[in-house]
Each structure stands twice: as structure tokens, then as C-alpha cells.
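Understanding the architecture of this molecule
Spelled out, the chains give:
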Amino acid sequence: MNLRIPGPTPCPDEVLEAVGRPMMNHRGPEFRDIVLRVTERLKQVFQTKGDVLTLTSSGTGAMEAAITNVFSPGDKVLCVSIGYFGDRFADIAKVYGAQVQALAFPWGTAADPDRIRQALKADPAIKGVLVTHNETSTGVTNDLQAIAHVVKGEFDRLLVVDAISSLGSVPLPVDEWRCDVVATASQKGWMTPPGLAMVSMSQRAWEANTKATMPRYYFDLGSAKRYLDRGQTPATPAVSIFYGLDVALGLMLHEGMEGVYKRHARIAQRTRDGAKALGLSLLADERIASNTVSAVKVPDGVDGRKLIALVQEQSKVVIAGGQGAQEGKIFRIGHLGHVTEQNVDEALAAVGKALASLGYQHAKAGDGRTHA
Ligand code: PMP
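So, a few notes on the structure that sits alongside this text. (Residues numbered from 1 in each chain as written. Predicted model: local features only at pLDDT ≥ 70, side-chain atom pairs only at ≥ 80, totals over all residues. Heavy atoms only, no water.)

Tracing the backbone through its elements, the reader meets N134 in strand β6 (residues 134-135). Taking the relative accessible area as the measure of exposure, N134 reaches 2% and is therefore buried. A polar contact is formed between the side chain of N134 and the side chain of T292, at a distance of 3.0 Å. In this view, N134 contacts V140, T141, D162, S165, S166, S290, T292 and V293; residues no more than four positions away in its chain are not counted. (Helix = DSSP H or I, 4+ residues; strand = E, 2+ residues; numbered from the N terminus. Buried < 20%, exposed > 50% of the residue type's maximum accessible area, 1.4 Å probe, protein only. Polar contact = N/O pair within 3.5 Å; in protein donor to acceptor, adjacent residues only side chain to side chain. Contact = heavy atoms within 4.5 Å.)

Here it is, written out as C-alpha cells:
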């Protein structure tokens with residue numbers, strides 16, 4: 001099976017072997033070594049001198065932790081959304097009592113830093129900005145550097161980032177861009193099964209933490225930090241996933257992060273070119289298209305759900321559908337983590353075959369027209 005959804009992603013054999021190792025005492029010296037090594041390596045990939053806490057949770061838990069550990073009920077937060085996961089970030093903030101000011105952009109587009117500037121200028125009471133780095137539902141990567149320049153450089157507000165489907169696959173120098181809280185999860189570019197979420201905290205974020213009164217217990221990062229200092233976690237962690245992440249980080253750093261980023265950029269370009277060669281169009285403008293997931297429009301007259309089912313049935317390739325309002329209108333090909341050119345070539349060939357079976361004939365590659 002060629003699993004080409006944007007997470008969980010396929011894992012290298014070495015990682016899966018590690019995940020199958022026997023259990024150990026999660027409060028003993030052997031596990032402490034693993035926790036400390038994983039944390040050091042995560043810091044290298046996050047490019048931060050701040051803290052990185054590893055939580056036993058999926059990415060949504062890290063998003064929740066990112067909010068509840070730096071804000072108080074009633075705090076005004078600007079929630080920048082360009083899709084499904086941006087909306088989720090805002091929903092979590094609302095649940096915990098933040099005063100959410102939504103700044104939404106049409107799905108398939110990127111956030112405009114100038115609109116963020118205007119929003120912050122108009123309301124000096126806004127304490128922080130929540131933003132998705134890479135919107136998995138639409139295959140768009142926001143210009144986080146430009147956004148950070150506004151949020152930190154011009155207004156010095158807290159910058160809280162969902163980097164779940166970007167960090168470890170595309171460049172995100174956390175300290176250089178001055179991101180205060182950054183969340184990611186093991187099943188994305190980290191080539192590891194689901195089960196761990198990682199979140200970084202800047203000095204400024206810790207200062208906010210001392211005043212933040214949103215309720216938190218399992219995801220209390222102060223508690224996570226106190227335990228981390230002893231090479232432990234507050235509660236029983238996903239021990240097996242720690243084993244896997246330890247090995248996966250070793251592989252990533254062995255390849256070199258520049259190499260990892262280049263591979264993702266190259267394979268993403270190949271995916272976009274391949275989709276266009278089938279006569280298909282991408283949801284996003286290429287200048288903002290993601291290097292970890294591509295969202296492709298289902299051509300007129302083709303049933304999106306049937307297409308996805310047929311791709312799996314005929315070719316054993318699993319692609320993802322659209323989420324929310326894009327359901328049935330797009331399909332998505334994940335190309336993050338443990339991914340090769342051959343993986344996406346196979347996925348594109350499978351899509352071409354299924355489309356042909358559904359009676360779709362595409363115009364010659366390059367003329368941009370599609371018809372069913
Ligand atoms: N944000 C983004 C950008 C994501 O891609 C995902 C996972 N698809 C999430 C949040 C939610 O993460 P999880 O499913 O691990 O809770």
C-alpha cells in the first residue's frame with residue numbers, strides 16, 4: 001500500500017522496528033537518556049534554544065496546550081485562518097474562553113500579512129496571534145516569516161503557530177523568526193507513528209505562562225518542563241513512539257535538514273507538475289503551494305469520492321479527500337516525511353488510471369483545459 005495522505009505517513013523500517021521494542025521503565029535511566037536525546041535533537045530541528053516539550057497526544061493536544069499555557073479567559077486573540085485547521089485553532093481558543101477575533105482568508109489562498117498588520121493596529125488589546133504555518137486542508141503554506149515580522153517585529157505580540165504539517169519538512173527557524181509557541185506532531189514529517197506532539201516555548205511564552213489562567217492539567221507545560229528537567233514526563237508517555245521518534249530524528253539529522261528540505265521541495269514540484277500533466281489544476285496558486293501536501297481539483301463531471309476509492313482499489317494508493325467545504329471537490333496527495341519520487345509518481349499514475357476508468361479524458365498536457 002502506498003499511503004499518500006498527509007499523515008499518518010509511512011515510517012522507515014528502522015522506525016517501525018524501534019516501535020516494536022520491549023517496554024522499559026519510563027522513570028528509569030535508560031528512558032531518561034532517550035527523552036533527553038530526543039529533546040536535544042528536536043531543538044536542532046526546531047532551531048531553538050528555548051524549550052521543546054513532548055506530549056503524549058496527537059497534534060490537536062499540542063494546539064490546545066499552545067493556547068491554554070499562554071492565555072487567560074477573556075484575552076483577545078487574533079485567529080488567522082486559511083482553512084480547516086486554522087478554524088480548529090480558533091475553536092479551541094473559544095472553548096477556553098478567549099475573545100476570538102477571526103481573520104479568515106478564502107480556502108486555497110494564503111494569509112495576507114498586511115491584513116494582520118491592520119487588525120493589530122486597529123486593536124491594541126490583541127494579546128496574541130494564532131496562525132497555521134502549513135494548511136493541510138488546502139495545500140497552502142503561509143509566509144510565516146513575513147507574518148512573524150509583523151506580529152513580533154512591529155507589534156511584539158505573542159505568536160502561536162500550528163506547524164503540525166510543516167516543521168521538520170520545510171524550513172521554520174523558530175528562534176530566528178521569533179515564534180513563541182510552535183506545535184507539531186509525530187505522524188507528519190517526523191516519519192514516526194501518531195502518538196506524540198511536540199511544542200516549543202520561547203522565553204516570552206514562559207513569561208506569559210506565569211500569568212496565564214486558562215484551565216489545564218494534562219497539557220500543563222510548566223509541569224512538563226519540570227519533569228523534562230529530570231528526563232521524564234508528568235504521566236506515562238507513549239514509550240514506543242519515543243523509541244521511534246528517537247530513531248527517526250537520527251535519520252533526519254543524518255540526511256541533514258537542508259537535504260530534507262530540498263527533497264520535500266523537489267518532490268512537491270514533481271507532484272504539482274505531474275498533476276498538471278494529467279490536465280488537472282491545483283487548488284492553490286503555485287507560489288503559495290505547500291511542499292508537504294498538494295490539493296488538486298477534481299475535474300468537472302468526476303465524482304471525487306469515487307475517484308479516491310478507485311485509486312485505492314486499482315492501484316493500492318491511498319490519497320486523501322477534501323475537508324469541510326472542499327469535500328468531494330479536491331483530492332490531496334501527501335508528500336512529507338519518508339517520501340521518494342517514486343512514491344508520488346505511482347500516486348499520479350494511479351490517479352491518471354482511475355480518471356481514465358471514470359471516462360475523463362484530459363486535454364494535451366500544458367494547454368490547461370480539462371473536460372469530462
Ligand atoms: N493542524 C494541521 C495543520 C494538521 O495537518 C493536523 C493534522 N492533519 C492537525 C492540526 C491536527 O492534528 P492531529 O490530527 O494530530 O490532532
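So much for the structure itself; the text now carries on.
The next thing to look at is the pairing of strand β10 (residues 196-201). With respect to burial, β10 is a largely interior element, six of its six residues being buried. Side chains L196, M198 and S200 project from β10 onto one buried face, and the interleaved A197, V199 and M201 project onto a second face that is buried too. Sheet analysis places strand β2 (residues 51-56) next to β10, joined by six bridges and oriented antiparallel. Each bridged residue has a counterpart across the sheet, and for V52 the counterpart in β10 is S200. With five bridges connecting them, strand β9 (residues 181-185) and β10 associate as antiparallel partners. By the bridge assignment, A183 is partnered in β10 with V199. (Pairing = 2+ DSSP bridges.)

This paragraph deals with the pattern of salt bridges. Applying the stated criterion across every chain, the model contains 22 salt bridges. The residue D114 makes a salt bridge to R117 at a minimum N-O spacing of 2.6 Å. Pair noted here: D114 and R117 are both in helix α5 (residues 113-122), with a separation of three residues, about one helical turn. In this structure, R272 engages E286 in a salt bridge whose closest nitrogen and oxygen atoms are separated by 3.2 Å. With R272 in helix α10 (residues 257-277) and E286 in the loop between α10 and β11 (293-297), the pair connects residues that are 14 residues apart, well separated along the chain. On the basis of relative accessibility, which here comes to 29%, the residue E286 falls in the partly exposed class. (Salt bridge = Lys/Arg side-chain N within 4 Å of Asp/Glu carboxyl O.)

What follows deals with the environment of G139. The residue G139 is located in the loop between β6 and β7 (140-141) in this model. For the pair G139 and A289, spaced 150 residues apart in sequence, the C-alpha to C-alpha distance is 5.9 Å. In this view, G139 contacts A284, I288, A289, S290, V293 and A295; residues no more than four positions away in its chain are not counted.

With respect to spatial proximity, 14 residues lie near the ligand, and among them S58, T60, T136, D162 and K188 are the closest. T60 has a polar side-chain atom sitting 2.5 Å from an oxygen atom of the ligand. Between the ligand and the protein, one listed contact pairs an oxygen atom with a side-chain N or O atom of Q187 at 2.7 Å. At the level of secondary structure, the elements contributing two or more residues to the shell around the ligand comprise α3 (59-68) and α4 (84-95). Residue contributions to the shell around the ligand peak at three residues, all from α3. (Near = heavy atom within 4 Å.)

Keep in mind these values describe shape, not function.
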